[in-house]
Amino acid sequence: MRYKLNEEQRFKIRARRNRLFGAWAAGRLRLQGEEAAAYALGLVQHALQFRDDQALVAHVASELAARGVPADPAILGAELRNAEAEATRQITAAHPHAL
C-alpha cells in the first residue's frame, strides 16, 4: 500500500511540475489567461509521451525557438528543476504523510 501511495505522489508531483513548467514557458511566450492555462495543460498532457526530462526540455525549446523566443536548454533545465522543487513542496504540504 505504501508503494502505491508513493507512486501516486510521484505522479502528482511530476504532473504539477509539468504544469508549473508549462506556465513558466507560457509566460516566456507572452501568453495570458486562458491561453496560458491551456498551454500549461497541453504540456502536461504532451509530457506523458516523453520518456525523460531532456525530451521535454527539447520540446519546449523547439516551441520557444519557433516563436522567436531564446531557448537555452540549460536555462530550461534549471526552470524544470525549479518547477519540480516547487511541485514537491506543494504536494508534500498538501499530503505530508504520503511520501
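Residues numbered from 1 in each chain as written. Predicted model: local features only at pLDDT ≥ 70, side-chain atom pairs only at ≥ 80, totals over all residues. Heavy atoms only, no water.

*Asks:* When you look at the overall build of the chain in this model, what are you seeing that I'm missing?
*Replies:* Looking only at helices and strands, the chain features four helices and zero strands. Secondary structure of the chain in N-to-C order comes out as α-α-α-α. Going through the 99 residues of the chain one by one, you find that 32% of them count as buried. In the chain, the share of contacts with a sequence separation of at least 24, taken over all contacts with a separation of at least 6, comes to 65%. When the accessible surface of the chain is totalled, it reaches about 6,400 Å², and 55% of it is carbon and sulfur. (Helix = DSSP H or I, 4+ residues; strand = E, 2+ residues; numbered from the N terminus. Buried < 20%, exposed > 50% of the residue type's maximum accessible area, 1.4 Å probe, protein only. Contact = heavy atoms within 4.5 Å. Areas by Shrake-Rupley, 256 points an atom, 1.4 Å probe, with all protein chains shown as cover.)

*Asks:* Looking at this structure, how should I read the pattern of salt bridges?
*Replies:* Pairs can form between side chains of opposite charge whenever their charged atoms are close. Enumeration over the complete set of coordinates arrives at six salt bridges. Across the salt bridge formed by Arg-14 and Asp-53, the nearest N and O atoms sit 3.3 Å from each other. Of this pair, Arg-14 sits in helix α1 (residues 2–28) while Asp-53 sits in helix α3 (residues 53–66), and the two are 39 residues apart along the sequence. Salt-bridge contacts for Glu-86 lead to Arg-89; the nearest nitrogen and oxygen are separated by 2.6 Å. Taken as a pair, Glu-86 and Arg-89 lie in helix α4 (residues 73–94) at a separation of three residues, close to a single helical turn. (Salt bridge = Lys/Arg side-chain N within 4 Å of Asp/Glu carboxyl O.)

*Asks:* Help me understand the packing of α3 against α4, please; the structure alone is not making it clear to me.
*Replies:* Each pair of packed helices gets described by two things: the angle between the helix axes and the distance between those axes. At a minimum axis distance of 10 Å, the contact between α3 and α4 shows a crossing angle of 120°. As far as their axial angle goes, α4 and α3 are oblique. Pair α3 / α4 crosses with right-handed handedness. Note on element contacts: α4 touches α3 through Pro-73, Leu-76, Gly-77 and Leu-80, opposite Asp-53, Leu-56, Val-57, Val-60, Ala-61 and Leu-64. When its residues are assigned to classes, the contact of α3 with α4 shows eight nonpolar, one polar and one charged. (Axes fitted to C-alpha atoms, helices over the stretch in contact; angles between N-to-C directions. Parallel < 35°, antiparallel > 145°, perpendicular 65-115°, else oblique. Left-handed = near helix turned anticlockwise from the far one by under 90°. Nonpolar A, V, L, I, M, F, W, Y, C, P; charged D, E, K, R; others polar.)

*Asks:* Please explain the packing of aromatic side chains as it appears in this structure.
*Replies:* The geometry of two aromatic rings is summed up by the distance between their centres and the angle between their planes. On inspection of all chains with the given rule, the structure shows one aromatic pair. An angle of 5° between the planes, with centres 6.0 Å apart, marks the rings of Phe-21 and Trp-24 as stacked. In this pair, Phe-21 and Trp-24 both sit in helix α1, three residues apart, roughly one turn of the helix. For Trp-24, a relative accessible area of 24% translates into the label partly exposed. (Phe/Tyr/Trp six-rings, centres within 6.5 Å; stacked < 30°, edge-to-face > 60°.)

*Asks:* Where do I start with the environment of Leu-80 in this structure?
*Replies:* When you line up the elements, Leu-80 lands in helix α4. Note on Leu-80: relative accessible area 4%, which makes it buried. Separated by 59 residues in the primary sequence, Leu-80 and Phe-21 have C-alpha atoms spaced 5.8 Å apart. Among residues more than four places away in sequence, those in contact with Leu-80 are Arg-17, Asn-18, Phe-21, Asp-53, Leu-56 and Val-57.

That's the geometry; what it means functionally is another story.
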